[in-house]
Amino acid sequence: MAGAATVSEDLVEYGFRRVIITITAVLCALLEIVDTTIVNVALNEMRGSLGATLTDVAWVITAYAIANVIVIPMTSWLSQQFGRRNYFAASIIIFTVSSFLCGNATNIWELVIFRFIQGMGGGALLVTAQTIITESYPAEKRGMAQAIYGMGVIVGPTLGPPLGGWIVDNWSWPYIFYINIPLGIIATMFTLMYVKSPKYGEKLKANQVDWWGIVFLAGFIGSLQFVLEHGQQDDWFEDHLIIALSVVSLFSLVAFIWRELVYEHPIVNLQVLKDTNLRIGTILCFIMGFGLYGTTFVIPIYTQQILGWPALDAGLLLIPSSLMTAFMMPIIGQMIQRGIPQTYMVAVGFLIFFVFTFWMYNIMTPDTGSEHMFWPLIMRGMGLGLLFVPITTMALSTLKGKSIGEGAAFTGMMRQLGGSFGIAIISTFITRFTQSHRVTLVSHEQLTDYAVQQRVQQLTAGFMSKGYSLTEATAKAYKAMEGAVIKQATVLSYMDIFLYLGILFLICIPFILLIKRGKGKVDMSEAMH
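Predicted model, so just to flag it, every value in this text is computed and none were measured. (Residues numbered from 1 in each chain as written. Predicted model: local features only at pLDDT ≥ 70, side-chain atom pairs only at ≥ 80, totals over all residues. Heavy atoms only, no water.)

Moving on, we get to the overall build of the chain. Secondary structure assignment for the chain yields 20 helices and zero strands. The buried share among the 529 residues of the chain stands at 56%. Sequence separation of at least 24 residues holds for 84% of the intrachain contacts in the chain that already meet a minimum separation of 6. Element-wise, carbon and sulfur atoms account for 68% of the exposed surface of the chain, whose accessible area totals about 22,300 Å². (Helix = DSSP H or I, 4+ residues; strand = E, 2+ residues; numbered from the N terminus. Buried < 20%, exposed > 50% of the residue type's maximum accessible area, 1.4 Å probe, protein only. Contact = heavy atoms within 4.5 Å. Areas by Shrake-Rupley, 256 points an atom, 1.4 Å probe, with all protein chains shown as cover.)

Attention now goes to the environment of Ser-76. Counting through the fold element by element, Ser-76 comes out in helix α5 (residues 75-82). Along the primary structure Ser-76 and Ala-408 are separated by 332 residues, whereas in three dimensions their C-alpha atoms are 9.0 Å apart.

This next bit is on the confidence of the model for the chain. Mean pLDDT over the chain: 78, with 88% of residues reaching 70 or higher. Element-level pLDDT for the chain is lowest in helix α1 (residues 2-11), with a mean of 47, against a maximum mean of 87 in helix α16 (residues 342-363). Every residue in residues 1-8 is under pLDDT 50, and counting partners more than four places away or in other chains gives six contacts. Contacts from residues 520-529, a stretch scored under 50 in pLDDT, to residues over four places away or in other chains number 47 contacts. (pLDDT = per-residue confidence, 0-100.)

Before going further, it helps to examine the packing of helix α19 (residues 450-465) against helix α20 (residues 470-512). Relative orientation and spacing of two packed helices are given, respectively, by the angle between their axes and the distance between those axes. The geometry of α19 relative to α20 is characterised by a closest axis approach of 8 Å and an angle of 125 degrees between their N-to-C directions. As judged from the angle between their axes, α19 and α20 are oblique. Between α19 and α20 lies a crossing of right-handed hand. Here α19 contributes Val-452, Arg-455, Val-456, Leu-459, Thr-460, Phe-463 and Met-464 to the contact with α20, which in turn contributes Leu-470, Ala-473, Thr-474, Lys-476, Ala-477, Tyr-478, Ala-480 and Met-481. (Axes fitted to C-alpha atoms, helices over the stretch in contact; angles between N-to-C directions. Parallel < 35°, antiparallel > 145°, perpendicular 65-115°, else oblique. Left-handed = near helix turned anticlockwise from the far one by under 90°.)

Our next topic: the packing of aromatic side chains. If you walk through the whole model with that rule in mind, you get 15 aromatic pairs. With centroids separated by 4.5 Å and ring planes inclined at 45 degrees, the aromatic side chains of Phe-353 and Phe-505 adopt a geometry described as tilted. Taken together, the residues span a long stretch of sequence, with Phe-353 in helix α16 and Phe-505 in helix α20 at a distance of 152 residues. Overall, Phe-353 belongs to the buried group, its relative accessible area being 0%. Plain terms: the ring middles of Phe-374 and Trp-375 are 5.1 Å apart, the flat faces sit at 85 degrees to each other, and that makes the pair edge-to-face. One aromatic cluster in this structure is built from Phe-350, Phe-353, Phe-356, Phe-498 and Phe-505. (Phe/Tyr/Trp six-rings, centres within 6.5 Å; stacked < 30°, edge-to-face > 60°.)

Here α5 lies mainly inside the structure; seven of its eight residues are buried. Every buried residue of α5 is listed here: Thr-75, Ser-76, Trp-77, Leu-78, Ser-79, Gln-80 and Gln-81. Looking at the residues trailing α5, positive phi occurs at Gly-83, about 85 degrees.

A separate point is the environment of Tyr-263. Its place among the elements puts Tyr-263 in the loop between α12 (240-262) and α13 (276-305). By relative accessible area, Tyr-263 is classed as partly exposed at 22%. Considered as a pair, Tyr-263 and Val-209 are 54 residues apart in the sequence and their alpha carbons are 10.0 Å apart.

Let us look at a nonpolar patch on the surface. A contiguous nonpolar patch, built from Tyr-500, Ile-503, Ile-507, Phe-511 and Leu-514 and spanning about 550 Å² of accessible area, is present on the exposed surface. Here Ile-507 is to be found in helix α20. (Patch = residues over 30% accessible without salt bridge, like charges linked within 9 Å, V, L, I, M, F, W, Y side chains within 5 Å. Salt bridge = Lys/Arg side-chain N within 4 Å of Asp/Glu carboxyl O.)

A word on helix α10 (residues 180-194). The terminal C-alpha atoms of α10, which comprises 15 residues, lie 21 Å apart, in line with the 21 Å expected from a rise of 1.5 Å per residue. For α10, the set of buried residues is Asn-180, Gly-184, Ala-187, Thr-188, Thr-191 and Tyr-194. The arc that holds the buried residues of α10, viewed along the axis, is 160 degrees, so those residues lie on one side. (Expected span 1.5 Å × (residues − 1). Arc of directions from axis to C-beta.)

All right, on to the packing of helix α11 (residues 211-230) against α12 then. Where α11 contacts α12, the two axes come as close as 8 Å, and the packing angle between them is 145 degrees. When the axes of α11 and α12 are compared, the crossing they make is left-handed. When the residues that make up the contact of α11 with α12 are grouped by side-chain class, the tally is 15 nonpolar, seven polar and two charged. (Nonpolar A, V, L, I, M, F, W, Y, C, P; charged D, E, K, R; others polar.)

Next comes the structure, spelled out in structure tokens:
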């Protein structure tokens, strides 16, 4: 243990070196996360220039997400095999080179393959950046270190869309990838110059490596991610591929758990999940990912589809919320250091998130203005601020030594998976709810109804004044009515989504209060040894 302690002391940095290391790690985490969402705004341009369908172009997001989620649980092990500094630098190089290749892709499948490689490099940046930052700070400043990392992780997803919109409006879509190249080169140089690797135990020989574990993990996560991303558009279990991949995912999960429990050198150490706080923490991370990525997905769609905003404005709407979170982070870091129980902070965070969703439920109409959404989104920022750092610190608070790095990989993976589940479930429910609301609304619009007849006559007269014949004008009037009904049905379905999200967060509160108190300050210095 004394050996581990001296190694951890070696990694603590002071002054200028610590500033440089912190900037490098946050920059890498930001690159990774911004790239998850920056593409969303550019999908239409990619479709046009690469001649792809909407289903094909969705793969640009899917490929990156699958690669990310496969790599994240393996980072702790890969760092041990290659040394943390080398592995981190190699990941940045892979990420940067594949960004260049993505920008130069000539067809959609080339782009998808390069995005997958980019995701393999990017997944490592998240967890490794978190460990590097945490270990560069002395034990008493760990809460602040988590807060600095958290600023990057929470602000990242919301920076993507406005930045992407601005780049696409002013240049063209390849530049959303080229922007990574100079930043990647700087990050690589700083990593090689300033980041230190801890001394590890024995490296495994090639024949000791848990190859089957890697295969089962990729099978489980890859298939699951595909099913989630494509379930709605392929009509879920009506589609043979979705059924086949669901079976593959389930089989791989069972095989993976069995393999990791019996193999001598597992690639992911499942034993750490015996820790109650980590188990509850990973579930809370999943729910937080659900809320974070789910709302980042719903709000831009609502503003663009229903309110007709341009992409850049839709992206900018979420910025105040992110700034609020960033502002909260250092305050939360201070509160944790003063020993305020994290369970209470998380409970308050979930409560504030419920207030945000319920408020959004109440203000949604087919013509809500941005000024109505400002304060609810500020509440969202406060809620996320109170959730991110406390959940992570609480999940890892009773772990020791090497387990901390393994625990951090679980929380990171569950946050990403929560986001994928959130987006898949929300997009499915939007479609289903819209259909049922449309049926209900149409049943109230009988042609025998005087108000309906009046509306049709007004619309017909309006179209006839534009020079249409009576038959054409009547057809257009009915079409306009149908359009209005669908718009109203869609708004109602968004309202439902917010209401159910809020209820989900409320249900979590009693469970959080069951968590036993760990030591408030996580000693991450021993992580990944």
